[in-house]
Amino acid sequence: MIQERDILLQASGLGRRDGRTQRLEGLDLVLRRGQVLGLLGVNGAGKSTTLALLSGALRPTSGRVEILGIDLHRHPRRAKRHLGLLPERPPLYPNLTVDENLDFAARLRGMKGRAARSARERIKRQLDLAAFGARLCGRLSKGMAQRVGIAQALVHEPQVVILDEPTAGLDPAQARELRTLIGDIRSRCGVLLATHILRDVEELCEEVLILRDGRLAAHERLHERNRIRIHLLRPPEKETLERLPGVAGVRSQGGGWFELALDDAPAELAREIALHDWGLDAYVPRRHDIESLVGILVGIDEEAA
Amino acid sequence: MIGTIAWRELRDLYSSASGWLALAAAQLLLAWMLFAQLEIYLKIQPRLTAIDSPLGIGDLVIAPTLASAALVLLLLVPLLGMGSLADELRSRRMTLLLSSPLSATSLVLGKWLGLLLACLPVVVLVMAMAVALGMGSHLDSGRLAAGALGLLLLIALASAVTLWFSSLGEQPLGAAALSWGLLFLLWFLDASGSEGLGLFSLKRHLEPFFLGMVPSESLVWFLTLTMAALALAIHRIWQLEGGD
């Protein structure tokens, strides 16, 4: 059961207008502990504005953001202590070493002296950076720089972690490693993941928010418990399936494939199929397919398509 | 938090060869100027003694060297500070700074303090040269202190102006050019011939310090302009955060 205390980040009616341009309008979102919430959108959809507003780097012109119940724009210093941010490009100082960059990030978030140093050593151990402490950040590979960027975002053990395109530009092995890392940290915080890379979404996110033209175009749950795909060897008419008890909707996909939305648990449906001898050949609990997300991203109505 | 930003700024400036090279070049230039002044002084000293002139090494060597140091600092400060905020904007590190529990005031004051400390070795080395010279002659320590104060005020002003211009865009060289433009315009205002404009001349306000005076109107002039430039930089950061 989701409790109020599990809500780490909450935005309501969030908007930003610059002159005549409405960059973002009326965005509501909730990020809970243990959750990876995806934020998708094509370029110019309002993703960067959203992240800037949620991280306190930009003030909203409407709505509000709360981090652990603290109003971000009324009490920015208190709220921002709980926030870790990895922008699209890791914000590293190339002339400073990995240790110096991590120290700086820890001190920026209010840690001091010994606490900052021990936090730095802990995060280096966690992210396999222990051997790179004295290395200048300007001489790191892209993957390693991204890893240091994540270490910077996590060094103060934030409750809310915002990652902007964390796997962009990484080779497949580095990207996989980073996805594993994000999966590991989710248990102790909430992660807001902005990305173009659908593989990241597929592997990491339970829910995605899709932005289009500065508005929330869709809020999709990727693990839909009550959506299934079935393949029938002797399929009836679509309307027959629609009349079955517990079936809320049916889409015929051709070749005996159907997508069903269920009101009840699928066991009842399985009994009905067996009773009518329609030959249940395949049963796939449906994950929101990634192609349908692309459709929403670029503004194609799935049904119309 | 101001200390954290100042330390990082200082560390960043002197972690690259360019910072050290700029400092070394400034020091060489100033040493050469001091020796050139000293050579001239040694040539004319017998004549000064003959006419019983009150002018000494403080007037003929130290004051001109401090004036030269001021010009060198006018060149050096924008060079060191041009990327202070422009580089943060260009590299998108500003997002990290703005999303941390750091106020715009702390950010700007930290950067300003870091730049001030980075330029401080020039003043210390100039003063060290003057003190070394004083070992062989009589030097007025009050006059030296006033000179050092003048140079510090100049660095404070030049750093604030550079920071402001650096906050306006992502191009460090543009920030340096604008800073040099404004600072040298202020320097040469007394050459305009207009008494009114001359009142705002940087040179006119700085020279009394090198002669051992600390005029209160000049102190107020330096402090007012420095605070105005810092306030403009803070306002610019506030604008970046989306403040109207």
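The structure presented is a predicted model; accordingly, all values stated were derived computationally and were not measured. (Residues numbered from 1 in each chain as written. Chains lettered and ligands numbered in written order. Predicted model: local features only at pLDDT ≥ 70, side-chain atom pairs only at ≥ 80, totals over all residues. Heavy atoms only, no water.)

Participant: Report on the overall build of chain B, specifying residues and quantitative values.
Facilitator: Summing up its helical and strand segments, chain B has 11 helices and zero strands in all. The C-alpha atoms of chain B give 20 Å as radius of gyration, which agrees with the globular expectation for 244 residues (18 Å, within 12%). With the principal axes as the frame, chain B shows a C-alpha extent of 70 × 40 × 25 Å. Within chain B, buried positions represent 52% of all 244 residues. The long-range fraction of contacts in chain B, counting pairs at least 24 apart against all pairs at least 6 apart in sequence, stands at 75%. With the model as given, the accessible surface of chain B reaches about 10,700 Å², and the carbon-plus-sulfur share is 71%. Looking at charge distribution, chain B has the averaged site of its 12 positive side-chain charges lying 7 Å from that of its 15 negative ones. (Helix = DSSP H or I, 4+ residues; strand = E, 2+ residues; numbered from the N terminus. Rg over C-alpha atoms; globule rule 2.2 N^0.38 Å. Buried < 20%, exposed > 50% of the residue type's maximum accessible area, 1.4 Å probe, protein only. Contact = heavy atoms within 4.5 Å. Areas by Shrake-Rupley, 256 points an atom, 1.4 Å probe, with all protein chains shown as cover. Lys, Arg positive; Asp, Glu negative; His and termini not counted. Charge placed at Lys NZ, Arg CZ, Asp CG, Glu CD.)

Participant: Mind laying out the side chain of His231 of chain A, listing which residues take part and the relevant values?
Facilitator: Mapped onto the elements of the fold, His231 of chain A is located in strand E11 (residues 223–232). Aside from chain neighbours lying at most four places away, what touches His231 of chain A is Gly255, Gly256, Trp257, Gly279, Leu280, Asp281 and Ala282 of chain A.

Participant: I'd love a proper account of the sheet that holds strand E2 (residues 21–32) of chain A, names of residues and values included.
Facilitator: The strands making up a sheet are joined through hydrogen bonds of the backbone, oriented either antiparallel or parallel. Pairing in this open sheet of four strands is antiparallel, and the strands run E2-E1-E4-E5 (chain A) from one edge to the other. The strands lining the two open edges of the sheet, one partner per strand, are E2 and strand E5 (70–71) of chain A. (Pairing = 2+ DSSP bridges.)

Participant: Tell me about the pattern of salt bridges, and please be specific about residues and values.
Facilitator: A complete count under the given rule lists 29 salt bridges over all chains for this structure. Notably, a salt bridge pairs Asp200 of chain A with Arg179 of chain A, separated by 2.7 Å at the nearest N-O pair. You can see Asp200 of chain A sitting in helix H7 (residues 198–204) and its partner Arg179 of chain A sitting in helix H6 (residues 172–185), a full 21 residues away along the chain. A relative accessible area of 8% means that Arg179 of chain A is categorised as buried. With a closest N to O distance of 2.9 Å, Arg8 of chain B and Glu9 of chain B form a salt bridge. (Salt bridge = Lys/Arg side-chain N within 4 Å of Asp/Glu carboxyl O.)

Participant: Tell me about the packing of helix H3 (residues 57–81) of chain B against helix H10 (residues 202–210) of chain B, residues and numbers included.
Facilitator: Residue and element names in this part refer to chain B. Here H3 crosses H10 at 140°, and the two axes come no closer than 10 Å. In terms of orientation, H3 and H10 fall into the oblique class. Once H3 is placed against H10, the crossing between them reads as right-handed. Contacts between H3 and H10 involve Ala63, Leu66, Ala67, Ala70 and Leu74 on the former and, on the latter, Leu202, Leu206 and Phe210. (Axes fitted to C-alpha atoms, helices over the stretch in contact; angles between N-to-C directions. Parallel < 35°, antiparallel > 145°, perpendicular 65-115°, else oblique. Left-handed = near helix turned anticlockwise from the far one by under 90°.)

Participant: Just give me the short version of the interface of chain B and chain A, but keep the residues and values in it.
Facilitator: Each partner contributes residues to the interface: chain B has 28 residues there, and chain A has 26 residues. Taken over both partners, the interface formed by chain B and chain A buries close to 2,500 Å², and the fraction arising from carbon and sulfur atoms is 59%. It is Leu96, Ser99 and Pro101 of chain B in chain B that bury the most area against chain A; as a group they hold 26% of the surface buried on that side. Seen at the junction of chain B and chain A, the total is two salt bridges. (Buried area = accessible area lost by both parts, 1.4 Å probe.)

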